[in-house]
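Coordinate inspection notes
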Amino acid sequence: METLNPTRVRLTVEVPFEELKDSLDAAYSKINQQVTVKGFRKGKIPARVIDQRFGRGAVLEEAVNDALPKFYTEAVNEAELSPLGQPDVDITELKDGETLNFTAEVDVRPALEIPDYSGIEVEVDAIEVTDEDIEKSVEQLRERFASTAPVERAAEDGDVVTIDLEAKVDGEVLEDGIANGVSYTIGSGELLDGIDEAVKGLSAGEEATFTSELKGGSAAGKEAEVSVKVTQVAKRELPELDDEFAQLASEFDTLDELKADSRKRLANMKEFDQATQAQERVLEKLLELLEVPVPEKLLEDEVNTRKHNLEHHQLGQMGLTLDKYLEIQGKTAEEFDAETREAAVKGIKTQFVLDELVKKEQLNVNQEELTEHLMRRAASSGMSPDQFAQAVVEGGQVPLLVGEVARGKALAVVVEAATVKDTNGEIVDLGDEDEETEATEAEAAEETTEA
């Protein structure tokens, strides 16, 4: 074995010819089933006849192709390597009856020495729930229980209008450009750009025309002339904030009890956010403590995977192209590529470091931990636990899930050893939120799975 750089090695392998016997026999058997020779039954052609008719070289090529994966795997195991990706194999010598020599270059995990991480210190946001936070939370709940009542006046901000829409591109009405009886809250920004200005001031029965870029459908991304007709204007009416509202909107009898519960829920949410922030910042500090070389081919594969998933899955579901997405984000293609590459580098480094920590700390994953993680992943994917579990098993992804959980536990070890203070200078004890903290750490580990 020759180390070419910290993440790539070259194996030089010499195979005694007699070790090719099984593969040679298999090659003759395979060719026997594929060819026909006059005077011999199919599958009963002697090896010497095959050599004469089809050439010994064809048999050797078939045998070597069959045997190389086995010999490569044996060499990797003997050298105690952790290969990443497929090797580049080159047969350097093949002498019939004598020897088979080949080289295999492959990327490998870099050797890492995990430093002392007990001195890591990070600062996180302090947990503070203000009266303003409570009022905002209760107001959002109040909005959910709003009612509407038709009014005989022009539409204003916040009104709910019922409208009919018709979109034309180049003077032609689109097949999917007509919608009737659409309910829209003015100012919500949930429909087309320009619609708020068009409908404000209109009364029932009145209409207007405006130009807007279509966000979806057959003409997504094109400028369209949109006609909008208001068929009804309704005013939103919010319920009074009193004990009666508390009983309507919750299991509580009084408004004070509802507000107290809102304060408790907001505090729990901020505690969860604080734990997430802590593990993210501890991870950043940990990565700063050591140099982690990244194989270039692995990096390119990860960048391409991230781009593909964004463009063909996430954006595809929203009806957006990558160019439109970049326009919305206000980014150039160069900035997007740089950010994607930076995120891929961090993901790969994170996996390398946490996997090394798993080995160093001898961390194991039990069935209960794996099941809990599977349930969380199923919920985030929108699948039932049974469906998700079946997909994982059929796709051979169980080791990936085990790896995610193990990396989450490794990060938990580092977070526990670190000093975490809030912006008020107070020590943050994450011990009381072990279950939630481990969940956020496992979720962070998911980001590195593709790497």
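Residues numbered from 1 in each chain as written. Predicted model: local features only at pLDDT ≥ 70, side-chain atom pairs only at ≥ 80, totals over all residues. Heavy atoms only, no water.

**Topic: the side chain of Asp-422**
In this structure, Asp-422 sits in strand β11 (residues 419–422). Lacking a salt bridge, the buried Asp-422 has Lys-421 as its closest oppositely charged neighbour, with an N-O distance of 9.1 Å. Engagement of the side chain of Asp-422 in a polar contact is seen with the backbone nitrogen of Asn-424, the distance being 2.8 Å. In this view, Asp-422 contacts Glu-123, Val-124, Asp-125, Ala-126, Gln-274 and Val-428; residues no more than four positions away in its chain are not counted. (Helix = DSSP H or I, 4+ residues; strand = E, 2+ residues; numbered from the N terminus. Buried < 20%, exposed > 50% of the residue type's maximum accessible area, 1.4 Å probe, protein only. Lys, Arg positive; Asp, Glu negative; His and termini not counted. Salt bridge = Lys/Arg side-chain N within 4 Å of Asp/Glu carboxyl O. Polar contact = N/O pair within 3.5 Å; in protein donor to acceptor, adjacent residues only side chain to side chain. Contact = heavy atoms within 4.5 Å.)

**Observations regarding the UniProt feature "domain: PPIase FKBP-type" (unreviewed entry) in the protein chain**
In the UniProt entry, the feature "domain: PPIase FKBP-type" (unreviewed entry) is given for residues 158–211. Taken end to end, residues 158–211 has its terminal C-alpha atoms 22 Å apart, with 9% of it in helix and 54% in strand. (UniProt positions renumbered as here; feature names shortened; annotations may be inferred.)

**Section: the environment of Asp-176**
Structurally, Asp-176 is set in strand β8 (residues 172–185). Excluding residues that lie within four positions of it along the chain, Asp-176 makes contacts with Gly-217 and Ser-218.

**So, the pattern of salt bridges**
Applying the stated criterion across every chain yields a total of 29 salt bridges. As a salt-bridge pair, Asp-88 and Arg-8 come within 2.8 Å of each other at their nearest N and O atoms. Here the residue Asp-88 occupies a position in strand β3 (residues 83–95), and Arg-8 occupies one in strand β2 (residues 8–16), the gap between them amounting to 80 residues. The buried category is assigned to Arg-8, whose relative accessible area is 17%. Ionic pairing is found between Asp-157 and Lys-200, a salt bridge with its closest N-O pair at 3.7 Å. Within this pair, whereas Asp-157 is found in the loop between β6 (147–150) and β7 (160–169), its partner Lys-200 is found in the loop between α5 (195–199) and β9 (207–213), the two being separated by 43 residues in sequence. In this structure Asp-157 comes out as exposed when scored by relative accessible area, which is 54%. For Lys-200, a relative accessible area of 37% gives the class partly exposed. In this structure, a network of salt bridges that share partners links the residues Glu-2, Arg-8, Arg-10, Asp-88, Glu-105 and Asp-107.

**Comments concerning the packing of helix α4 (residues 131–144) against helix α7 (residues 255–288)**
Packing of α4 against α7 brings their axes to within 9 Å, and their N-to-C directions diverge by 110°. When the axis of α4 is compared with that of α7, the two are roughly perpendicular. Mapping the contact onto sequence places Asp-131, Asp-133, Ile-134, Glu-135, Ser-137, Val-138 and Leu-141 in α4 and Leu-258, Lys-259, Ser-262, Arg-263, Arg-265, Leu-266 and Lys-270 in α7. (Axes fitted to C-alpha atoms, helices over the stretch in contact; angles between N-to-C directions. Parallel < 35°, antiparallel > 145°, perpendicular 65-115°, else oblique.)

**What to know about the pairing of strand β4 (residues 99–108)**
For β4, the buried fraction is high: nine of the ten residues fall into the buried class. With nine bridges connecting them, β2 and β4 associate as antiparallel partners. Considered in β4, the bridge of Val-15 is made with Leu-100. Pairing of β3 with β4, which is carried by nine bridges, proceeds in the antiparallel orientation. Counterpart to Glu-93 in the pairing with β4 is Asn-101. Hairpin remark: β3 followed by β4, antiparallel, with three residues in the connecting loop; positive phi at Gly-97, about 85°. (Pairing = 2+ DSSP bridges.)

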